[in-house]
Amino acid sequence: MRGMNVLVTGGCGFIGANFVQQQRRLYPQDRLIVLDALTYCGNLRNLEPLSGDRGLRFVKGDICDGDLVGKLLLEEEIDAICHFAAESHVDRSILGPLPFVQTNVVGTTVLLDAARNAGIGRFVHVSTDEVYGTLSPSDPPFTENTPLAPRSPYAASKAASDHLALAYAHTYGMPVIVTRCSNNYGPYQFPEKLIPLMILSAMADKPLPVYGDGQQVRDWIYVADHCAGIDAALRRGQPGEVYNFGGRAECRNLQMVHSILALLHKPQSLIRFVADRPGHDRRYAIDCQKAEQQLGWQARWTLADGLVETVRWYRENPAWCQSVQSGEYRTFFERNYADRLVTAKEVA
Ligand code: NAD
Ligand code: TYD
């Protein structure tokens with residue numbers, strides 16, 4: 001009996017690549033088809049450990065391309081979709097919201113529509129706790145029933161895509177599952193996000209920019225725990241349901257930066273307080289009891305252990321770090337694996 005054929009959108013990004021590597025380890029009988037447009041943060045080096053793996057196919061293409069997506073679903077006999085592809089950085093969304101609306105809202109709808117036409121058996125829409133808005137210090141953590149109140153263009157575009165995903169489940173009876181996770185960290189994260197930016201800056205003795213007073217709180221989850229949650233949702237989630245994932249690890253940004261500097265034996269004098277992000281959300285915290293009880297999932301990594309592992313990974317992978325910092329990664333795949341590159345044009 002053949003395993004599942006799973007379309008993974010955004011599989012060359014941070015979480016998608018960790019997920020693809022996990023799934024290839026756990027389910028060698030499954031076949032994964034990665035669809036990724038390789039935007040500035042999509043990096044084929046993130047799948048390098050799987051180079052030559054015959055259970056994995058990479059297609060360079062845009063989720064907004066309905067013809068391509070429709071053909072892929074049929075041609076590859078896709079059973080399930082795990083949808084990671086997105087514009088994901090809040091600061092970029094403040095500078096220019098339109099690409100966020102295009103990929104996160106339009107792209108997700110194109111994908112949902114193609115999945116509906118093809119009768120796909122499972123659609124996991126990977127979303128974020130940022131759709132719930134912000135918390136004050138005394139508020140209880142977000143549950144799946146917390147009303148959506150997004151405040152950045154990024155969060156608003158993800159909330160719109162969540163509504164559409166759930167509307168497809170409700171209106172068309174599609175087997176869509178929505179996951180909402182707190183801030184991830186770990187290997188392969190693009191160094192525009194807090195933790196990898198601080199690690200690489202500190203390693204290079206460059207200043208570490210802390211926004212505002214640095215007292216904002218995020219609930220950090222090690223990426224492997226999130227990937228395990230998405231797999232649990234894929235295999236055991238109920239259609240039409242939402243599942244929160246979080247690390248039960250709230251931490252203030254300034255405290256996080258202090259911890260990173262301590263792990264790297266670098267001085268606190270590298271910290272620079274800079275102008276605050278406009279509309280900066282003060283606190284996120286996730287209640288993930290539903291996923292624990294109904295999916296049998298649990299976060300395994302403590303923040304302390306995950307941070308040690310993450311710092312170790314960035315220290316021990318200078319080639320990845322240099323290629324990302326120099327921009328070399330943008331042509332890496334074409335130069336090394338041109339013979340195995342499948343483009344949207346060929347699929348069409
Ligand atoms: P990322 O920015 O590292 O990766 C996104 C990937 O999507 C890249 O490989 C990019 O090339 C691809 N992509 C972008 N636009 C595309 C398009 N139009 N067509 C095809 N591919 C496209 O993001 P990430 O941090 O890995 O996040 C993955 C998902 O998880 C996102 O949906 C994000 O909203 C969600 N999420 C992220 C976090 C986090 O802390 N990073 C937390 C919760 C949820
Ligand atoms: P980020 O990693 O961008 O994730 P998000 O905005 O989705 O939570 O930022 C995490 C926190 O760190 C957020 O409160 C903003 C703050 N931050 C800084 O203080 N300095 C920085 O250079 C960055 C990138 C983020």
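Right above here is the structure, for reference.
Notes on the structure in this doc start here. Each chain carries its own residue numbering, running from 1 in the written order of its sequence. As they are written, the chains are lettered A onward and the ligands numbered 1 onward, keeping that order. Since the coordinates come from a predicted model, pLDDT governs what is reported: local features require at least 70, and pairs of side-chain atoms require 80 or more to be given and counted, while whole-chain, interface and lining totals use all residues. Computation of side-chain values: all heavy atoms of the structure, hydrogens and water removed.

1. Topic: the pattern of salt bridges
The criterion, for reference: We define a salt bridge as a contact between a side-chain nitrogen of Lys or Arg and a carboxyl oxygen of Asp or Glu at a distance within 4 Å. What counts as a helix is a DSSP run of H or I of at least four residues, what counts as a strand is a run of E of at least two, and both are numbered from the N terminus. We call a residue buried when its accessible area falls under 20% of the maximum for its residue type, exposed when it is over 50%, and partly exposed in between, using a 1.4 Å probe and counting protein chains only.
What the rule picks out here adds up to 20 salt bridges. A salt bridge links Arg 312 to Glu 316; the shortest N-O distance between them is 2.4 Å. In this pair, Arg 312 and Glu 316 are both assigned in helix H10 (residues 303–316), four residues apart and thus about one turn of the helix distant. By relative accessible area, Glu 316 is classed as exposed at 52%.

2. Brief notes about the nonpolar core
Spelled out, the test is: Each nonpolar core is a collection of buried residues, namely Ala, Val, Leu, Ile, Met, Phe, Trp, Tyr and Cys, held together in the definition by side-chain atoms within 4.5 Å. Any two residues whose heavy atoms approach within 4.5 Å at even a single point are treated as in contact.
Formed by 58 residues in total, the largest nonpolar core has its most connected members in Val 8, Val 20, Val 34, Phe 84, Ile 195, Met 256 and Ile 260. Apart from residues no more than four positions distant in its own chain, Val 8 is found in contact with Phe 19, Val 20, Leu 32, Ile 33, Val 34, Leu 35, Cys 82 and Phe 84. With 44 residues, the next largest nonpolar core counts Ala 85, Val 176, Ile 177 and Phe 245 among its residues.

3. Describing the site of ligand 2
Selection rule: Near residues are defined by distance, with any heavy atom within 4 Å of the molecule or strand qualifying the residue. N or O atoms within 3.5 Å of each other form a polar contact, as long as, within protein, one can give a hydrogen and the other can take it, and as long as residues adjacent in sequence are counted only when both atoms are side-chain atoms. Each residue gets one label: Ala, Val, Leu, Ile, Met, Phe, Trp, Tyr, Cys and Pro are nonpolar, Asp, Glu, Lys and Arg are charged, and the others, such as Gly, are polar.
Surrounding ligand 2, one finds 18 residues, the nearest of these being Glu 130, Pro 209, Arg 218, Arg 277 and His 280. One of the side-chain N or O atoms of Asn 183 is found 2.9 Å from an oxygen atom in ligand 2. Between ligand 2 and Tyr 211 there is a distance of 2.9 Å, counted from an oxygen atom to a backbone nitrogen or oxygen. Of all elements in the fold, only helix H6 (194–203) and strand S8 (208–211) reach the threshold of two or more residues within the shell around ligand 2. Tallied by class, residues from the shell around ligand 2 come to eight nonpolar, five polar and five charged.

4. Quick word on the site of ligand 1
Within the structure, ligand 1 sits among 28 residues, and Ile 15, Asp 36, Ser 88, Tyr 154 and Lys 158 are positioned closest to it. Interatomic distance of 3.0 Å between a backbone N/O atom of Ala 37 and a nitrogen atom of ligand 1. Between Thr 39 and ligand 1, the recorded distance is 3.0 Å, taken from a backbone N or O atom to an oxygen atom. Of all the secondary structure elements, the ones that give two or more residues to the shell around ligand 1 are helix H1 (14–26), strand S5 (122–128), helix H5 (153–172) and strand S7 (183–185). Taken together, the residues of the shell around ligand 1 sort by class into 13 nonpolar, 12 polar and three charged.

5. A few points about H10
Basically, it comes down to this: Expected span, for any helix, means 1.5 Å times one less than how many residues it has. This arc describes the spread of directions from the helix axis toward the C-beta atoms.
With 14 residues, H10 extends 20 Å from end C-alpha to end C-alpha; this agrees with the ideal 20 Å at 1.5 Å per step. Listed as buried for H10 are Leu 303, Gly 306, Leu 307, Thr 310, Val 311, Trp 313 and Tyr 314. Mapping the buried residues of H10 onto a view down its axis gives an arc of 160°, with all of them on the same face. Every exposed residue of H10 that faces more than 90 degrees away from the buried side is listed here: Ala 304 and Glu 316. Where H10 is buried, its residues contact S7, H6, strand S9 (217–222), strand S11 (250–252), helix H8 (253–263) and helix H11 (318–326).

6. A few points about the pairing of strand S1 (residues 5–9)
Applied cut-off: We treat two strands as partners when DSSP finds at least two bridges between them.
The element S1 is largely enclosed, with a buried count of five among its five residues. The alternating pattern of S1 places Asn 5, Leu 7 and Thr 9 on one face and Val 6 and Val 8 on the opposite face, and all of these are buried. In terms of strand pairing, S1 meets strand S2 (residues 31–36) through five bridges, oriented parallel. In the strand pairing of S2, Val 8 is matched with Val 34.

7. Considerations on the pairing of strand S3 (residues 56–60)
Burial within S3 is extensive, with four of its five residues counted as buried. Alignment of S2 against S3, held across five bridges, turns out to be parallel. Bridge pairing in S3 places Asp 36 opposite Lys 60.

8. Some words on the sheet that holds S9
Heads up, the condition is: Axis lines are fitted through C-alpha atoms, for helices just across the contact stretch, and the angle between N-to-C directions can take any value from 0 to 180 degrees.
Reading across the sheet, the three strands line up as S7-S9-S11 and stay open at both edges, with mixed pairing between neighbours. The outermost strands of the open sheet, each flanked by one partner alone, are S7 and S11. Ignoring strand direction, the axes of neighbouring strands in this sheet form an average angle of 50°. In terms of strand pairing, S7 meets S9 through three bridges, oriented parallel. Note that in S9 the partner of Asn 183 across the bridge is Trp 220.

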